[in-house]
Amino acid sequence: MEPNSQVIVALDHDNRATADAVVEQLGDACRFYKIGLELLTAAGPDIVKDLVAQGKEVFLDLKLFEIPNSVAGAVRAAGAMGVSLVTVHGMGGSSIMAAAVDAARDFPGLRILALTVVTSMTDADLADIGVADTVDEQVLRLARLARKAGCHGVTASPQDVAALRRILGSDALIVTPGIVLPGESSAEHARHGTPGAALTAGASHVVVGRSVTRAADPAAAFRLVQAPPAA
Ligand code: C5P
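Within each chain, residue numbers correspond to sequence positions counted from 1 in written order. Only residues with pLDDT of 70 or above have their local features reported here, since the model is predicted, and side-chain atom pairs are shown and tallied only from 80 upward, although totals for entire chains, interfaces and linings are computed over all residues. By convention in this description, side-chain values take in all heavy atoms of the structure and omit both hydrogens and water.

A. Broad picture of the pattern of salt bridges. Think of a salt bridge as a Lys or Arg side-chain nitrogen and an Asp or Glu carboxyl oxygen that are within 4 Å of each other. Using the criterion set out here, one finds 8 salt bridges in the structure. When the shortest N-O distance is used, the salt bridge between Arg16 and Asp20 registers 3.0 Å. Residue Arg16 and its partner Asp20 are both found in helix H1 (residues 16-26); the two are separated by 4 residues, about one turn of the helix. With relative accessibility at 25%, the residue Arg16 sits in the partly exposed group. Taking the shortest distance from any N to any O, the salt bridge between Glu57 and Arg31 comes out at 3.6 Å. Within this pair, whereas Glu57 is found in strand E3 (residues 57-64), its partner Arg31 is found in the loop between H1 and strand E2 (32-35), the two being separated by 26 residues in sequence. The way it works is that DSSP assigns letters per residue, a run of H or I at least four long becomes a helix, a run of E at least two long becomes a strand, and they are numbered from the N terminus. Only protein chains enter the calculation, and the probe is 1.4 Å; a residue is then buried if its accessible area is under 20% of its type maximum, exposed if over 50%, and partly exposed in between.

B. The arrangement of the site of the ligand in detail. When at least one non-hydrogen atom of a residue lies within 4 Å of a molecule or strand, that residue is treated as near it. In the vicinity of the ligand lie 13 residues, with Asp12, Lys34, Thr119, Gly209 and Arg210 positioned nearest. Lys34 places a side-chain nitrogen or oxygen 2.8 Å from an oxygen atom of the ligand. Here a polar contact is recorded for every N or O atom pair within 3.5 Å, except that within protein the pair must consist of a potential hydrogen donor and a potential acceptor, and residues adjacent in sequence are included only if both atoms are side-chain atoms. Between the ligand and Gly209, the relevant distance is 2.8 Å, taken from an oxygen atom to a main-chain nitrogen or oxygen of the residue. Out of a free accessible area of 450 Å², the ligand has 86% covered by protein chains. As a working rule, the residues Ala, Val, Leu, Ile, Met, Phe, Trp, Tyr, Cys and Pro are called nonpolar, Asp, Glu, Lys and Arg charged, and the rest polar, with Gly in that last group. In terms of residue class, the shell around the ligand is made up of 3 nonpolar, 4 polar and 6 charged. What sets the accessible areas is the Shrake-Rupley method with a 1.4 Å probe; for residues, cover comes only from the shown protein chains.

C. Up close: the nonpolar core. Nonpolar cores were defined as sets of buried Ala, Val, Leu, Ile, Met, Phe, Trp, Tyr and Cys residues, with membership established by side-chain atoms within 4.5 Å. Core analysis: the biggest nonpolar cluster contains 65 residues, and Leu60, Val75, Val83, Val86, Ile112 and Leu164 have the highest contact counts within it. When sequence neighbours within four positions are dropped, the list of residues in contact with Ile112 reads Val75, Val86, Val88, Ala100, Val101, Ala104, Cys151, His152 and Gly153. Core analysis: the second largest hydrophobic core is formed by 9 residues, Ile8, Phe59, Leu173 and Val175 among them. Note on definitions: a residue-residue contact is assigned when non-hydrogen atoms from the two residues lie within 4.5 Å.

Spelled out as structure tokens, the structure:
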């Protein structure tokens, strides 16, 4: 089977051995992995460098929200490791996003994604932090801001993809976590969708974690993500 770069597997593990085992089980079929704060903190940056050395692409989900100088430094450190994607919080505003984009210019393979609204958040969660807009409005607002700041794309829930594709145009990356396989429980994802629905709506990539990594047979689950049965 041809490796498929549209499906990114999230290695959300608290130790390197478990992550390595998943990579081993998926083999050549998967060439794109997401590493987040848990694994990066537990295992250190060597796993990023080793995956890149194996020819894998790495989405380093740092969710940066810092002063622009520190954001730029973290982006440069990611670029130096050969990372392909880094996330920055759209809620941090234009200067943070622009600093990330600027720092990425030295690394031709590196793209900056703005995180709009975490897929678990609801309108009530936004109201709690003083945001009067609905989630839908906030997602579009931050996506427009991200585009203006020069970001290469956004991360967003499957349900936001169609509207985002309309406002961001055909070249933008739209990377969607919050993926569930048909028939799976969606308790944790307030705004979830299946891989097929997300890609059909215009996502450039889907991020899937536990449905693959905690499956009895990760390789079989990965194949299901790539070619989900018709709903
Ligand atoms: O739920 P799953 O294991 O597929 O999560 C994969 C990735 O999707 C996580 O690393 C997380 O960053 C992201 N996610 C999200 N919103 C959720 C659940 C997961 O953005 N509600």
